[in-house]
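Notes for the structure review
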Amino acid sequence: MTEDSRSDGRRRSAGRGAEPLVLHEDRFFDPDPAVRRVARALYEETRHLPLVCPHGHVEPRLLAENEPFPEPTALLLIPDHYIFRMLYSQGIAMEALGVPTRDGAPVERDPRKIWQLFAGHYHLFRGTPTGVWLDAELHEVFGIRRKLDGRSGQAIYDELAEKLKTPAFRPRALFERFRIETLATTDKASDSLAHHAAIRDSGWEGNVIPTFRPDAALRIASPAWHEEIDALQRASGMEIGGYSDFIRVLEDRRAFFRSMGATATDHAVVEPYTATLSAADAERVFQRALHGDATADDQRRFEAHMLIEMARMSTEDGLVMQLHPGALRDHNDRVAARFGPDKGADIPVATEYTRNLRALLNAYGNDPRLTLVLFTLDESTYARELAPLAGHYPAVRLGPPWWFHDSIEGMRRFRERTTETAGIYNTAGFNDDTRAFCSIPARHDLARRVDANYLAGLVARHVIDESDAREMARALAYDLVRKTYKLDAPRPAASAAAARRAAS
């Protein structure tokens with residue numbers, strides 16, 4: 001007997017002892033029969049609607065190149081900081097999970113070893129949204145019918161690896177199987193959008209659009225700011241010698257993004273502070289930044305001013321403005337220094353909206369041309385600030401529960417704390433906000449089930465009737481997101497200039 005055959009035998013025997021993976025058809029519904037009956041009926045009307053993904057972090061290269069996924073670990077583990085933050089919290093080194101270091105120091109390269117380590121600790125995800133999503137991915141996307149654990153890990157790895165070799169599991173085939181109608185990526189203001197151009201030129205009909213994210217250009221005290229300014233000059237073909245040049249370049253880049261299909265911008269800040277600088281003050285702060293002398297206070301004031309400028313630009317070019325405040329990035333200095341950003345060490349902070357956004361909303365919150373989608377990591381603001389703001393200002397919409405609150409209980413709390421003041425029609429529908437491409441259907445399915453259950457509870461208590469609930473369930477699953485992100489508008493054709501920029 002060869003070593004390969006002995007290994008295959010060990011994997012088969014390991015898989016035989018695993019418990020079956022069963023997803024209950026009424027999962028996440030209330031045990032009360034009166035609620036569960038209505039929830040099931042509402043869900044059946046929304047479960048097959050197309051998926052609209054207006055905000056996320058899937059790499060456009062994935063769909064431009066349409067190459068097979070390399071193997072299960074690279075697909076399901078490495079891009080997902082939800083997974084390795086939990087494992088790290090239990091003392092498992094990131095090096096052992098194959099997370100690359102900034103200095104190129106050795107990390108585990110054997111994907112089977114990494115997968116087995118993950119499988120042996122899969123119990124850590126019980127009761128978490130990550131566990132819910134992963135179970136659904138394995139069962140619904142890949143047809144796995146055994147629970148993942150240390151015994152079944154290698155057999156499931158083999159089953160996944162074999163499927164990933166087939167055409168049915170290439171990115172575009174999955175995109176179509178997932179019924180994704182629109183997928184928005186998140187892209188730097190200086191991005192050439194070459195991958196988006198390649199998708200368009202390929203003849204494939206999947207709608208993948210960019211989102212304009214200028215954060216790196218606004219962080220004037222960051223060591224990387226000059227690099228981003230240089231990139232913006234190259235991308236626009238325009239020189240940035242002062243503040244007015246900077247504004248013109250950003251407006252030019254926004255126009256380019258729109259020509260490539262963008263319907264939205266995205267802005268991540270620690271606090272949603274807004275305040276206007278005079279033209280002279282803005283120029284002075286910008287010149288200090290160009291000379292490398294900008295302070296943290298300069299950056300705070302400049303970002304506050306530029307959020308208002310971004311709102312102004314949105315009233316002129318129609319791009320929806322998304323605001324994601326409240327994450328203190330890279331809280332763990334050791335992890336950030338060794339592995340870089342976005343490695344699961346971002347921690348929420350208390351966030352204030354009413355005073356911080358007053359300047360922006362007094363300037364543009366009454367303008368029907370602006371749509372401002374607000375997100376939060378501070379649940380205490382739902383009823384106190386966010387729902388009252390959205391329930392008053394025509395420009396404001398509430399984004400869905402985000403990040404740590406994109407969960408069964410998080411979604412329930414969001415609906416309970418915002419609906420009575422803002423209604424559902426001042427909310428923006430659902431977005432999955434993920435890098436993990438194969439988790440997209442699971443995330444939408446969870447949201448549709450939780451919303452169906454919430455509405456069923458209102459029916460059971462005679463707050464609304466079933467016909468109202470059916471309309472509301474469809475709105476939450478599909479209609480609101482299309483309306484909020486202006487996805488009913490005709491898809492723009494890239495201009496000749498835009499095409500030349502993307503090609504270069």
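Keep in mind that this is a model prediction, so the values were computed, not measured.

Volume-wise, the second largest pocket comes out at about 540 Å³. Forming the walls of the second largest pocket are 28 residues, and the residues nearest its centre are Y122, R126, G131, D135 and K147. Only α6 (111-120), α7 (129-141) and α20 (440-460) provide two or more residues apiece to the lining of the second largest pocket. Counting residues per element, the lining of the second largest pocket draws most heavily on α7, at 5 residues. Here the lining of the second largest pocket is composed, by residue class, of 14 nonpolar, 6 polar and 8 charged.

Positive phi, close to 55°, is recorded for N66, a residue that is not glycine. The residue K486 is not glycine, and still its phi comes out positive at about 55°. Inspection of the secondary structure assignment puts K486 in the loop between α21 (466-484) and α22 (496-503).

We now examine the sheet that holds strand β4 (residues 208-209). One open sheet accounts for 3 strands, arranged β1-β2-β4; its pairing is parallel. The sheet is open, and its two borders are formed by β1 (51-53) and β4, each paired with just one other strand. As judged from the 2 bridges shared by strand β2 (residues 180-184) and β4, these two strands associate in the parallel manner. Across the sheet, the residue bridging to L183 is V208, located in β4. Taken strand by strand, α20 contacts β1 and β2, and its axis lies near 105° from that of β1.

The next point concerns α7. Three- or four-residue spacings in an α-helix give side chains the same orientation, since the helix completes a turn every 3.6 residues. The terminal C-alpha atoms of α7 lie 17 Å apart, and with 13 residues this matches the ideal 18 Å at 1.5 Å per residue to within 8%. Restricting attention to buried positions, one finds in α7 the residues T130, G131, W133, L134, A136, E137, L138, H139 and V141. Residues of α7 that are buried in the fold lie against α4 (72-77), α5 (81-89), α6, α8 (153-164), α9 (171-177) and α20. Within two residues after α7, G143 carries a phi angle of roughly 70°, on the positive side.

Bringing helix α14 (residues 279-290) into the picture now. The terminal C-alpha atoms of α14 lie 16 Å apart, and with 12 residues this matches the ideal 16 Å at 1.5 Å per residue to within 8%. For α14, the set of buried residues is A282, V285, F286 and A289. Buried residues of α14, viewed axially, fall in a sector of 100°; they line one side. On its buried side, α14 packs onto α12 (225-236), α13 (243-259) and α15 (296-317). Taken from the residues just after α14, G292 is the one with a positive phi, measuring 80°.

Tallied over the entire structure, the rule returns 22 aromatic pairs. When the centroid spacing of 5.2 Å and the interplanar angle of 85° are considered together, the rings of F212 and F257 count as edge-to-face. With a gap of 45 residues between them, F212 in strand β5 (residues 212-213) and F257 in helix α13 connect regions that are remote in the sequence. Arranged with centres 5.2 Å apart and planes meeting at 80°, the rings of Y382 and F414 form a pair that is edge-to-face. Here Y382 is found in helix α18 (residues 381-390), whereas its partner F414 is found in helix α19 (residues 408-422), with 32 residues between them in sequence. There is no split in this pair, since Y382 and F414 are both buried.

This paragraph deals with the pattern of salt bridges. Taken as a whole and assessed by the stated rule, the structure comprises 40 salt bridges. Among the ionic pairs, K163 bridges to E159, the shortest N-O distance being 3.7 Å. Residue K163 and its partner E159 are located together in helix α8, separated by 4 residues, close to a single helical turn. Judged by relative accessible area, K163 falls into the partly exposed class, the value being 23%. By relative accessible area, which is 24% here, E159 ends up partly exposed. Residue R300 is joined to E271 by a salt bridge in which the shortest nitrogen-to-oxygen separation is 2.4 Å. Placement of R300 in helix α15 and of E271 in the loop between β6 (264-269) and α14 is noted, with a sequence separation of 29 residues between them.

With that settled, consider the pairing of β6. Consecutive side chains of a regular strand alternate in pointing toward one face of the sheet and then the other. The buried count for β6 comes to 6 of 6 residues, which makes it a mostly enclosed element. The side-chain alternation of β6 yields two buried faces, one formed by A264, D266 and A268 and the other by T265, H267 and V269. Strand direction decides the pairing type here: β6 and strand β7 (residues 320-325), joined by 6 bridges, are parallel. Looking at the pairing, T265 lines up with M321 of β7.

On to the environment of D252, then. Structurally, the position occupied by D252 is in helix α13. Note: C-alpha distance between D252 and A235 (17 residues apart in sequence) is 9.9 Å.

Side chains that are nonpolar tend, in soluble globular proteins, to be buried together. Counting residues in each nonpolar core, the largest one holds 78 residues, and the members touching the most others are W115, F118, F142, I180, F437 and Y485. For W115, the contacting residues outside a window of four places in its chain are P72, T73, L76, L77, L148, G153, I156, Y157 and L160.

It is the contact of α19 with α20, at a shortest axis distance of 10 Å, that shows an interaxial angle of 45°. Relative to α20, α19 is oriented oblique. Read as a crossing pair, α19 and α20 show a hand that is right-handed. The residues of α20 that touch α19, namely those facing I408, M411, R412, R415, E416 and T419, are L446, A447, V450, D451 and Y454. Partitioning the contact of α19 with α20 into residue classes produces 6 nonpolar, 1 polar and 4 charged.

Rules behind the numbers
- Throughout, a residue's number is its position along its own chain's written sequence, starting from 1.
- Per-residue local features are limited, in this predicted model, to residues with pLDDT of at least 70; the limit for side-chain atom pairs, both in listing and counting, is 80 or more; totals at the level of whole chains, interfaces and linings are taken over all residues.
- Here the side-chain values reflect all heavy atoms present in the structure, with hydrogen atoms and water set aside.
- Only protein atoms enter the calculation, which uses a 1 Å grid: trapped sets of points that fit a 1.4 Å probe without letting it out are cavities, open sets showing protein on both sides within 12 Å along at least five of seven lines are pockets, and any residue with an atom within 4 Å of a point is a lining residue.
- Grid points are joined across faces, edges and corners, and a volume is the space filled by probe spheres set on the points.
- Helix numbers and strand numbers start at the N terminus; a helix is a DSSP run of H or I with at least 4 residues, a strand a run of E with at least 2.
- In this count, Pro and Cys sit with the nonpolar residues alongside Ala, Val, Leu, Ile, Met, Phe, Trp and Tyr, while Asp, Glu, Lys and Arg are called charged and the others, Gly among them, polar.
- A pair of strands is considered paired only if DSSP assigns at least 2 bridges between the two.
- The contact criterion used is simple: two residues touch if any of their non-hydrogen atoms lie within 4.5 Å.
- With axes taken as lines fitted to C-alpha atoms, and helix axes fitted only over the stretch in contact, angles between N-to-C directions fall between 0 and 180 degrees.
- In this scheme, a helix's expected span is set at 1.5 Å multiplied by one less than its residue total.
- Between buried and exposed lies partly exposed: a residue is buried under 20% and exposed over 50% of the maximum accessible area for its type, with that area taken using a 1.4 Å probe on protein chains only.
- The arc in question is the one traced by the directions running from the helix axis out to the C-beta atoms.
- What counts as a ring pair is set by centres within 6.5 Å for rings of Phe, Tyr and Trp (its six-membered ring), and what kind of pair is set by the plane angle: stacked under 30 degrees, edge-to-face over 60, tilted for all other angles.
- Note on definitions: salt bridges are taken to be side-chain nitrogens of Lys or Arg within 4 Å of carboxyl oxygens of Asp or Glu.
- We call a set of buried Ala, Val, Leu, Ile, Met, Phe, Trp, Tyr and Cys residues a nonpolar core when their side-chain atoms join them within 4.5 Å.
- An angle below 35 degrees is read as roughly parallel, one above 145 as roughly antiparallel, one from 65 to 115 as roughly perpendicular, and any other as oblique.
- When the near helix sits turned anticlockwise from the far one by under a right angle, the crossing is termed left-handed; a clockwise turn instead gives a right-handed crossing.

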